[in-house]
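Tertiary structure, described
As a plain string of letters, each chain reads:
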Amino acid sequence: MRKVVDHMKKILLIAYAFPPQNIVGATRPFKFCKYLPHFGWKPFVIARKVRRGAPLDRDSVLSPDNPTKVFRCPDIEQTRWHERGWGVRLIRMMMNRFLLIPDQQLLWNIPLIFKTIQVVAKEDVDVLFCTTPPFSSLIGALVAARITCRPLFVDMRDLWTLNEYSNLIYRGRLRRFIEDRLERIVLTNAAQIIVNTDWARIQMAKKYKELAHKMFPIPNGFDPDDLRNIKPMDFKKFTIIHGGSFYGERNPVVFLKGFARWINSDGSLRDRVQIVFAGRSSRLYSELAEELGIDNMISYMDQVPKKVLYRYMKGADMLLLFLGYDSRSDYVIPAKIYEYIALEKQFLAFVPRNGQCERLIRRIGIGVSIGENDLTAVENALRESYRRYLEGDTVDRGGRGMEEFQYIRLTKTLVDRLDSSGA
């Protein structure tokens, strides 16, 4: 085994989030590290130091024979500023707004650059790979790539200046100009540019026509190993589950209103149906639920390890996906939809009409999409799902072509690009 490892090509992944941190951005680089050795690449990782008190997932570990080495860098953003005096908090707020561009993690680049140079020199790494967000990581990665004369692969899990929430991020023309310039500099100097969906590639290619030849999509996916031998939770009621955070347009407002209408149409449903919201912001809409008279039907859970969440999802009768209806989200396919596909569970998706997500749902043949504030459509979808539940039919018979979304195949796509680029 040692000889094989010694002859592997070497890749350094710069990933701000990496297990045991239990956040969605940690999954993609972790799965690449799991499967890269299968194709002759030895991974190294530089990630953020795990913050004390952060949600952890101790089950996300690589096998003992996986050669990946992980290095950690501290981040000043992890300082507990809210516990300091008002003067310190004010200074921090002004820094975030006017100095820390493009994001609050900018200062992480200082230890990142030094650690990257050190690892490249010591391990003789062949290529750098930086996954975002945060987008500030790309700046440090590019500086380190130029110093070490190594090619840089940029992995934009989310878009940067074309992000659907950019109107909430940018605070003036000057900041937008700076971020546009930073993005162009990074992408111009990147060896390859990876985006999450084909529509994201099209949008990026419109803005950077001269760089379009370097762009290619690798979506998020699922790992069958994660779902193997998972025992489903045994629920005694018709159970609807959402696992994840609520923010911006990704919220359950329309669902809750439609759900309340359905429940009020048949009083007996109150004792037969339940909702589970699991995530850091699970209680964000509890007041609305109380106003609608359904709060006592909802169980709120903080973020849980993935194996626990998978047990809940596998035992559920319906799953939920919230993306919102903003046309700027057309290019987005949330990571959890691939897990829903793998589970072959009924799910209700609130997504832009004719966007990438809705098209995927139609192509795969799993799930129901709602593309507008249509409470009647929500009510009808719930009624149909409940009917199937009473008949013992809660599995969608779709899933055509879902093998293409397995992480081992996605990693092979990455390796093909690494090899063809001469890295």
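Summarised in this report is the structure supplied together with it. What you see is a predicted model; the values in this text were computed from it and never measured.

Each value, and the rule that gives it
- Residues numbered from 1 in each chain as written.
- Predicted model: local features only at pLDDT ≥ 70, side-chain atom pairs only at ≥ 80, totals over all residues.
- Heavy atoms only, no water.
- Helix = DSSP H or I, 4+ residues; strand = E, 2+ residues; numbered from the N terminus.
- Buried < 20%, exposed > 50% of the residue type's maximum accessible area, 1.4 Å probe, protein only.
- Contact = heavy atoms within 4.5 Å.
- Areas by Shrake-Rupley, 256 points an atom, 1.4 Å probe, with all protein chains shown as cover.
- Polar contact = N/O pair within 3.5 Å; in protein donor to acceptor, adjacent residues only side chain to side chain.
- Phe/Tyr/Trp six-rings, centres within 6.5 Å; stacked < 30°, edge-to-face > 60°.
- Lys NZ or Arg CZ within 6 Å of the ring centre and 35° of its normal.
- Pairing = 2+ DSSP bridges.
- Axes fitted to C-alpha atoms, helices over the stretch in contact; angles between N-to-C directions.
- 1 Å grid on protein atoms, 1.4 Å probe; cavity = no way out; pocket = protein on both sides within 12 Å on 5 of 7 lines; lining within 4 Å.
- Points joined across faces, edges and corners; volume = space filled by probe spheres on them.
- Nonpolar A, V, L, I, M, F, W, Y, C, P; charged D, E, K, R; others polar.
- Arc of directions from axis to C-beta.
- Salt bridge = Lys/Arg side-chain N within 4 Å of Asp/Glu carboxyl O.
- Right-handed = clockwise from strand over helix to strand, strands pointing away.

Further remarks concern the overall build of the protein chain. Within the protein chain, the regular secondary structure consists of 16 helices and 13 strands. Taken across its 423 residues, the protein chain has 53% of its residues classed as buried. Long-range contacts, defined here as pairs at least 24 residues apart, represent 76% of the contacts in the protein chain between residues at least 6 apart. Summing over all exposed atoms, the protein chain offers an accessible surface of approximately 19300 Å²; the carbon and sulfur share of this is 52%.

Moving on: the side chain of Thr239. One can find Thr239 in strand β8 (residues 238-243). A relative accessible area of 0% means that Thr239 is categorised as buried. In terms of polar contacts, Thr239 uses its side chain to reach the side chain of Gln274, at 3.0 Å. Here Thr239 is in contact with Gln274, Val276, Ala316, Asp317 and Met318, once residues within four sequence places are set aside.

To continue, consider the packing of aromatic side chains. Per the counting criterion, the structure on display carries 22 aromatic pairs. Plain terms: the ring middles of Phe235 and Tyr312 are 5.7 Å apart, the flat faces sit at 55 degrees to each other, and that makes the pair tilted. Of this pair, Phe235 sits in the loop between α9 (224-227) and β8 while Tyr312 sits in helix α12 (residues 306-315), placing them 77 residues apart in sequence. You'll find Phe235 and Tyr312 in the same group, each marked buried. Judged by centre distance (6.3 Å) and plane angle (75 degrees), the rings of Phe238 and Trp262 are edge-to-face. Here Trp262 lies in helix α10 (residues 253-264) and Phe238 lies in strand β8, a separation of 24 residues in the sequence. Each member of the pair Phe238 and Trp262 is classed as buried. Taken together, the ring pairs connect Phe238, Phe246, Phe255, Phe259, Trp262, Phe277, Tyr285, Tyr300, Phe322, Phe350, Tyr386 and Tyr389 into an aromatic cluster. It is Arg417 that lies over the ring of Phe216; its NZ or CZ is 4.1 Å from the centre.

Further remarks concern the sheet that holds β8. On the basis of which strands lie adjacent, the open sheet formed by 6 strands has the order β10-β9-β8-β11-β12-β13 and parallel pairing. What marks the edges here is a single partner per strand, and that holds for β10 (298-301) and β13 (368-370). For this sheet, the mean angle separating the axes of adjacent strands, direction not counted, is 20 degrees. In the sheet, strand β12 (residues 347-350) pairs with β13 via 3 bridges, with the strands oriented parallel. Across the sheet, Ala349 pairs through a bridge with Ser369, a residue of β13.

Before going further, it helps to spend a moment on the environment of Arg157. Its place among the elements puts Arg157 in the loop between β5 (152-156) and α6 (166-169). Non-local contacts of Arg157, meaning those with residues more than four positions away in its chain, are made with Val24, Gly25, Arg28, Thr132, Pro133, Asn196 and Asn220.

Computed from the structure, the second largest pocket encloses a volume of approximately 440 Å³. Forming the boundary of the second largest pocket are 25 residues, of which Phe30, Lys31, Asp59, Ser60 and Asp226 lie nearest the centre. Take the lining of the second largest pocket: its biggest share by element is 4 residues, from helix α2 (residues 27-35). Its residues assigned to classes, the lining of the second largest pocket shows 8 nonpolar, 7 polar and 10 charged.

Let us look at helix α8 (residues 198-207). For α8, the full list of buried residues reads Ala200, Met204 and Ala205. Viewed along the axis of α8, the buried residues span an arc of 135 degrees, placing them on a single side of the element. Here the buried face of α8 lies against β5, α7 (173-189), β6 (192-195) and β7 (215-217).

Moving on: the pattern of salt bridges. Tallied over the entire structure, the rule returns 26 salt bridges. Residue Asp416 pairs with Lys412 through a salt bridge whose shortest N-O separation is 2.7 Å. Of this pair, Asp416 and Lys412 both sit in helix α16 (residues 407-420), 4 residues apart, roughly one helical turn. When salt bridges with common partners are traced through the structure, they connect Lys31, Lys34, Asp223, Asp225, Asp226 and Arg228 into a single cluster.

This part takes up the pairing of strand β4 (residues 127-132). The element β4 is extensively covered by neighbouring structure, given that 6 of its 6 residues are classed as buried. Sheet topology places strand β1 (residues 9-15) next to β4; 5 bridges connect them, and they run parallel. Considered in β4, the bridge of Ile11 is made with Val127. In this sheet, β5 lies alongside β4 in parallel orientation, the contact comprising 5 bridges. When the bridges of β5 are listed, Phe129 appears paired with Phe153. A crossover links β4 with its parallel partner β5, the connecting element being helix α5 (residues 136-148), and its sense is right-handed.

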